[in-house]
Every structure is written in structure tokens, then in C-alpha cells.
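A look at the structure
Listed below, chain by chain, are the residues.
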Amino acid sequence: MLQCFNIFVDMTRKVRVRYAPSPTGPQHIGGIRTALYNYLFAKKHGGDFILRIEDTDQGRYVPGTEEYLIDAIKWCGFDFDEGVHVGGPHAPYRQSERKAIYKQYADQLIASGNAYYSFDSNEAVDAKRKEAEQNKKNWQYDASTRGEMVNSLTLSPAEVDQKLKEDAPFAIRFKIPADEEVVVNDLIRGRVVVHSKQLDDKVLFKSDGMPTYHLANIVDDHLMEISHVIRGEEWLPSAPLHVLLYRALGWENTMPEFAHLPLLLKPDGNGKLSKRDGDRLGFPVFPLNWTDPKTGEFSSGYKEAGYFPDAFLNLLAFLGWNPGTEQEIFSMEEMIQAFSLEKVSKSGAKFSLDKARWFNQQYLQKKSAKEILSLVQLPANNLSEAQLEKVVELLKPRCVFAKDMISVGAYFFAAPTEYDAKTVEKKWKDNSAQIVKDVAELFEAAPVFKAALLETSFKGYMEEKQLGFGAAMPPLRLVLSGAGEGPHLFDIAEILGKEECLKRMKSGIENIEKISLPKN
RNA sequence: GGCCCGUUCGUCUAGGGGUUAGGACGGCAGAUUUUCAUUCUGUUAACAGGGGUUCGAUUCCCCUACGGGCUACCA
């Protein structure tokens, strides 16, 4: 592998990249990552980021997926400069709406001898393949076999004219050069060489009047002045074909540079992550919730799972890219600055749920209470805004997602109805009720209901009664929160307020004595 | 099967002819804490194998193995 190819990025040309999904289903996180890398690359170089919808296969169209993708990208916090939803100088950006454009280029290729009409039925081609299979051989429509098929290379010009006049169904195939080394310079992988013998005469134009991906892709990238094609590794095998197409169309000088990204792999078994993996893997595979319009099957998304968009983006970016420093938390701006294709790794990455949660937790810790309150609806009960902010500060270090606060801090929002059984069993002693009663009196007498003050008077009481924290605190915590663990107890007490504390102390004693009775 | 791409701790990765092979997540242990969490400290664990090239290879080359992708008138 020649590493020198990694370094060269032609900066004399305006950087224009595209994300070109096919609306055959919701884009999973792998697709979002591809879009993100395209975006980062574009913005790093002051370029444009374009959305083009590759809907040349009408049979696989799934309604709603185009909107889904745009929503997902927007949720992530970025957007396209040109595309189906925002327009642009190269509109339309949907290939089905560009249908009229492609035929002329197919014709041009025929005229220049780089393509030909194929009149073979699917059945005829399949038969050839099956026959070869039985002999344990490969068959492909190529230089070695096209002579035995029904096409404009084997038919006389008159016969071809006749067929076309009769409206006989035809496809247009690319005529791959018979004997040539085709070189693809990949920005991530270096120089990749494939012999043209390995390539088949791909259909460029289908009998339904639509181009195939290969033709439409090259034509649109050329017309839209795309400078870099950054896409998944699954396209690497067809990259030589694309290089040949650029050349045959006479566009070799403005051919985009290629970068083939490593794939996102299934964390269990093997294989690339698929949109069919849905929720099977124990983590969301999609950015947003998705319900399949045909099957009704539901798949969960990162957004609804509680991930922050910036955390999601950060963790996604690190699946296959690393700036080479020890910094791991990156804002979008920082990512744009730090991004480079040379730092994209070559091997596939498996998703780690633990790491994903860690990223979100890090972002949660960095957010202010105000911001968190604007993102999550807490059951405020009768807590004031200021009190809620305190609650959030206390709960934050104990949570991964903002919404965790609702369950983790449930006792802030309602008096406990249950008391942690283990703690009751281990910590509720014969003198516990008395301690709670004593402290209730202390609380009652407190001139101002502040954590520091309450703690001071509590410590005085402990000293007087010769009690340790370990004996005195758990019963108090139990009656106030029902839990065996949590934030500093007097902070909780302050937020709850005198009235509420006294109420909970009273009912707590009754309730706990009831359940711990059998033991005594 | 054919072609192409890949292979550093369990995972994400840094590194690169001479390093104690670095970091992060996770795990484990400890410190702090009334408790839990946070935080901090320590610790665990990796260059797929075999040949070259070289004074010296984890790093460069080849082979093998393994993994992955592609192999449609899908994208």
C-alpha cells in the first residue's frame, strides 16, 4: 500500500461533497456517519454539502424515508447546502426527476463505442449464469461472453435498427475494456488496482427507462461538480467501473477523488450493520424512531432513547475516526477543525453501548441545570424553578440521560410509597423510629430550613446521643426518600422543605414499622 | 468459488524499524462519601501466524489464516 496517496487532496478545486442515499428505508447510524464525515470534510475545507436522492429503483421505494433522513440530519445539528429540501443551482436533486438527463449520456457512450444495446431477457442471462454455476464456474456478461449474447455487438446494424423500431425491450450495457489494469486512488486506502477482466458489462440504462445507480451517479456527480466522493466501503468494488465511466464520458480530468469509509459492523456475530438489525442488538440502530409503513415494525432511535444530538454525533464520529490526540469530547466546531480523511481508519468498527452511554453521560455533566430543564420535562409537583435547578444539580452525576432524573430522583417529585426492602432490613433498627422522631423535632425547631444548618444541629444531636452517621442517617434517608442511597441527605431535606419533611417522617415511621414488624 | 479491502488490549483506537506498545470505554482494586453516583488513584489486557528484508521488526515485503465487502436491468 502506498501511503503517499493518503496525503494528497486537491485544494485547487472547490470542495463539493454529496450524501446520496437511496430512499429504500430509514438510514441507520452508518449512513448518518457517512453524511457526517462528508459534512465535516466539506466544512473543514469551506465546501458545499449536498443531498441527492438516488431513487432510480422505483420498486424499492419506501415512502417517508427521505423526510426521515432530513429530520435526522437536522436533529443531529447540521444540514445540507443544497438538496431536495433546500434547492440549489443543480436542482432537481432527486434522480427520478432528472430522468431526462441520463439517456443522452448513455447514447453518447453508445456513439463512442463505449456502450451497446443488450436485448437479452433476464431469463436468458439467468440461464447462462445457472449453466455456469452447474459447472462450478463463474459467468458474467463481459468481454469473454458478450459475443454469444443478443446485443448490438453481435447483431447487424440493420437488425439493431429493426429491434429498436419494434420497441423491443433493451438495456444499455457498458463495454468494459478487455485487458487493462484499472487504478483507483483512494484517499483512505491508497492505490487499488483491479484488472478489467474482473469487471462485468454493467447495465447503465434499464429497460424501464431509468438509469442504474452507476450511470446516474457518475452523471450527477459530474454535473453537480462533486470534488470528493466519500462513501461506504461496499462501493469499493464498483469504483473501478466508475473510473472507467468517467474516462469514457471524457470527464477524467474532473473526476472526483474517492474515499471509501470502513463499515459499521454488527457487535454480535459478523457482518455489516444493517437496517434490518433494528432493535435486535440491544441498542438503537437508527437516529430517530421509525415505524415501517408496510410491516408496521417499530425501531427505536437515539433521539427518543434520550441521547443528546451532540453526544450522538461525537460518539458516531469516533467510530472510525480519531484525531490522534487524547481528546475525545468534541463539539461540532472542534470536529470540523480536527477532521481529516487520513485519520479515518481502514477497518470496520463495532458499536459499543457502554462507550455510547459514557459519551452521553459526559455531555449531561457539562450541561447546566437550566439547559437540562429545557430538555426534559420533570414532574415538578410544587417545586419552584430554583428548587428544580437544585434537584437537577444533585441528580446529574447519577444519570446518563436527562430523563433518568425522573426515576432516579422520584422522591423529589412525590412522597415515597415504598421503602427499599434491603435497606429497611439492614438499617432499620429498634431505635430508628426514635431517631427519626428526635430529628423531626430538631427540624421543627429549625429557624431557617437550610441544609448546612440542619446538618449542624443533626451533628449536635448525634454527639449528644453518641450516635454514628452509619446508624443515624439511613433511617432518616429511608423516611425522606424511601431509598438507601442518593445525594447528600440535608440537601434533599432543604429542597423538600420543613412541612414535607415532617410529613414524610411521620408517615415513614408508620409505614416502615408496619413492614418491619414481623422481624421484631 | 472469483475479485477487492482489512487484522494493535473484550470494544473504540494511538503509534510506527530500536517505545516500559500510549489513551478511552468496560472490568477489578483503592481513596473520598452516611449511602449511591460523581471525582481521583492504581490495575487488568493487545501488535493473528509463518517466512523474508534488516544489526534490529509490531511497524516494510511475501505467504497463510481469519474477518469483511462485492459478485443484479438493487443502491
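Owing to the predicted nature of the structure, the values given are computational and were not obtained by experimental measurement.

Cut-off values and rules
Residues numbered from 1 in each chain as written. Chains lettered and ligands numbered in written order. Predicted model: local features only at pLDDT ≥ 70, side-chain atom pairs only at ≥ 80, totals over all residues. Heavy atoms only, no water. Helix = DSSP H or I, 4+ residues; strand = E, 2+ residues; numbered from the N terminus. Rg over C-alpha atoms; globule rule 2.2 N^0.38 Å. Buried < 20%, exposed > 50% of the residue type's maximum accessible area, 1.4 Å probe, protein only. Contact = heavy atoms within 4.5 Å. Pairing = 2+ DSSP bridges. Axes fitted to C-alpha atoms, helices over the stretch in contact; angles between N-to-C directions. Phe/Tyr/Trp six-rings, centres within 6.5 Å; stacked < 30°, edge-to-face > 60°. Lys NZ or Arg CZ within 6 Å of the ring centre and 35° of its normal. Parallel < 35°, antiparallel > 145°, perpendicular 65-115°, else oblique. Left-handed = near helix turned anticlockwise from the far one by under 90°. Nonpolar A, V, L, I, M, F, W, Y, C, P; charged D, E, K, R; others polar. Core = buried A, V, L, I, M, F, W, Y, C linked by side-chain atoms within 4.5 Å. Near = heavy atom within 4 Å. Salt bridge = Lys/Arg side-chain N within 4 Å of Asp/Glu carboxyl O. pLDDT = per-residue confidence, 0-100. Patch = residues over 30% accessible without salt bridge, like charges linked within 9 Å, V, L, I, M, F, W, Y side chains within 5 Å. Areas by Shrake-Rupley, 256 points an atom, 1.4 Å probe, with all protein chains shown as cover. Lys, Arg positive; Asp, Glu negative; His and termini not counted. Charge placed at Lys NZ, Arg CZ, Asp CG, Glu CD. Expected span 1.5 Å × (residues − 1).

Examining the overall build of chain A
Within chain A, the secondary structure is distributed over 21 helices and 14 strands. Over its C-alpha atoms chain A spans a radius of gyration of 33 Å, topping by over 25% the 24 Å that the globule rule assigns to 520 residues. Projecting the C-alpha coordinates of chain A onto the three principal axes gives extents of approximately 110 × 50 × 40 Å. For chain A, the proportion of its 520 residues judged to be buried stands at 50%. Put simply, of all contacts in chain A between residues at least 6 apart along the chain, 72% involve residues at least 24 apart.

A word on the sheet that holds strand β8 (residues 203–205)
The pairing of strands in a sheet happens through backbone hydrogen bonds and is either parallel or antiparallel. Taken together, 3 strands build an open sheet; the order of strands is β4-β5-β8 and the sheet is antiparallel. Because the sheet does not close on itself, it has two edges, and the strands there are β4 (115–118) and β8. On average, adjacent strands in this sheet sit at an angle of 45° to one another, irrespective of strand direction. Judged from the 4 bridges that link them, β4 and strand β5 (residues 171–174) form a sheet pairing that is antiparallel. Considered in β5, the bridge of S118 is made with A171.

Looking at the packing of aromatic side chains
In the structure shown here, the tally under the stated rule is 30 aromatic pairs. Between the aromatic rings of W75 and F312, the centroid separation amounts to 5.5 Å while the plane-to-plane angle is 40°, which identifies the pairing as tilted. A residue pair is termed long-range when its members are at least 10 positions apart, and W75 in helix α3 (residues 65–76) and F312 in helix α10 (residues 309–317) qualify at 237 residues. Residue W75 shares its accessibility class with F312, and that shared class is buried. Arranged with centres 5.1 Å apart and planes meeting at 85°, the rings of Y117 and F170 form a pair that is edge-to-face. Highlighted residues: Y117 in strand β4 and F170 in the loop between α6 (157–165) and β5, separated in sequence by 53 residues. Y117 gets classed as buried once you look at its relative accessible area, which sits at 14%. Taken together, Y37, F318, W321, F330, F339, W358 and F359 form an aromatic cluster joined through their ring pairs. K366 extends its terminal NZ or CZ atom over the ring of Y363, reaching a point 5.1 Å from the ring centre.

Focus on the packing of helix α18 (residues 432–445) against helix α19 (residues 451–465)
Contact pair α18 / α19: the axes reach a minimum separation of 10 Å and the direction vectors enclose 135°. One element, α18, and the other, α19, form an angle in the oblique class. Our pair here, α18 against α19, has a crossing hand that is right-handed. Residues Q434, I435, D438, V439, L442 and F443 of α18 touch α19, and the partners they reach there are L454, S457, F458, Y461 and K465. Of the residues assigned to the contact of α18 with α19, the class counts are 7 nonpolar, 2 polar and 2 charged.

Side note on the environment of P157
As for its placement among the helices and strands, P157 is situated in helix α6. Taking C-alpha positions, P157 is 34 Å from D55, a pair spaced 102 residues apart along the chain.

Notes on the nonpolar core
In this structure, F412, F443 and M505 are the most contacted members of the largest nonpolar core, which totals 117 residues. Of all the elements, helix α21 (residues 489–516) adds the most residues to this core, at 11 residues. Apart from residues no more than four positions distant in its own chain, M505 is found in contact with V436, V439, A440, F443, L476, V479 and L480. Of all hydrophobic cores here, the second largest spans 37 residues; its members include I50, L109, A168 and V184.

Describing the protein's contact with RNA strand B
Surveying the vicinity of RNA strand B reveals 60 residues, the closest of which are K206, N270, E328, P397 and R398. Taking all atoms of RNA strand B within 4 Å of the protein, the share assigned to sugar and phosphate is 72%. Mapped by element, the contributors of at least two residues to the surface near RNA strand B are α5 (122–134), β5, β7 (190–195), β14 (349–350), α12 (353–366) and α20 (469–481). With 4 residues, α12 is the single largest residue contributor to the surface near RNA strand B.

A short note on the pattern of salt bridges
Pairs can form between side chains of opposite charge once their charged atoms are near each other. According to the stated counting rule, one finds 32 salt bridges in the structure shown. A salt bridge links K450 to E494; the shortest N-O distance between them is 3.7 Å. With K450 in the loop between α18 and α19 and E494 in helix α21, this pair connects stretches of sequence that are 44 residues apart. A relative accessible area of 18% places E494 in the buried class. The salt bridge partner of E455 is K459, with a shortest N-O separation of 3.3 Å. Here K459 and E455 lie together in helix α19, a separation of 4 residues that amounts to about one turn. Residue classification places K459 among the partly exposed positions, given a relative accessible area of 37%. If you follow the salt bridges from partner to partner, you end up with R18, R52, E54, R98, D220 and D221 in one network.

A few points about the confidence of the model for chain A
For chain A, the average pLDDT comes to 93, and 97% of its residues sit at 70 or higher. The low-confidence segment residues 1–8 (pLDDT under 50) makes 20 contacts with residues lying over four places distant or belonging to another chain. Across the interface, the model reports ipTM at 0.95; the global pTM reads 0.94.

Let's talk about a positive patch on the surface
A surface patch of like charges, here positive, comprises K422, K426, K427 and K429. Tracing the backbone shows K429 in the loop between α17 (421–427) and α18.

Section: α20
Across its 13 residues, α20 extends 17 Å between first and last C-alpha, which sits within 8% of the 18 Å expected from 1.5 Å per residue. With respect to burial, α20 is a largely interior element, 10 of its 13 residues being buried. Buried within α20 we find A472, M473, P474, P475, L476, R477, L478, V479, L480 and S481. Taken from the residues just after α20, G482 is the one with a positive phi, measuring 80°.

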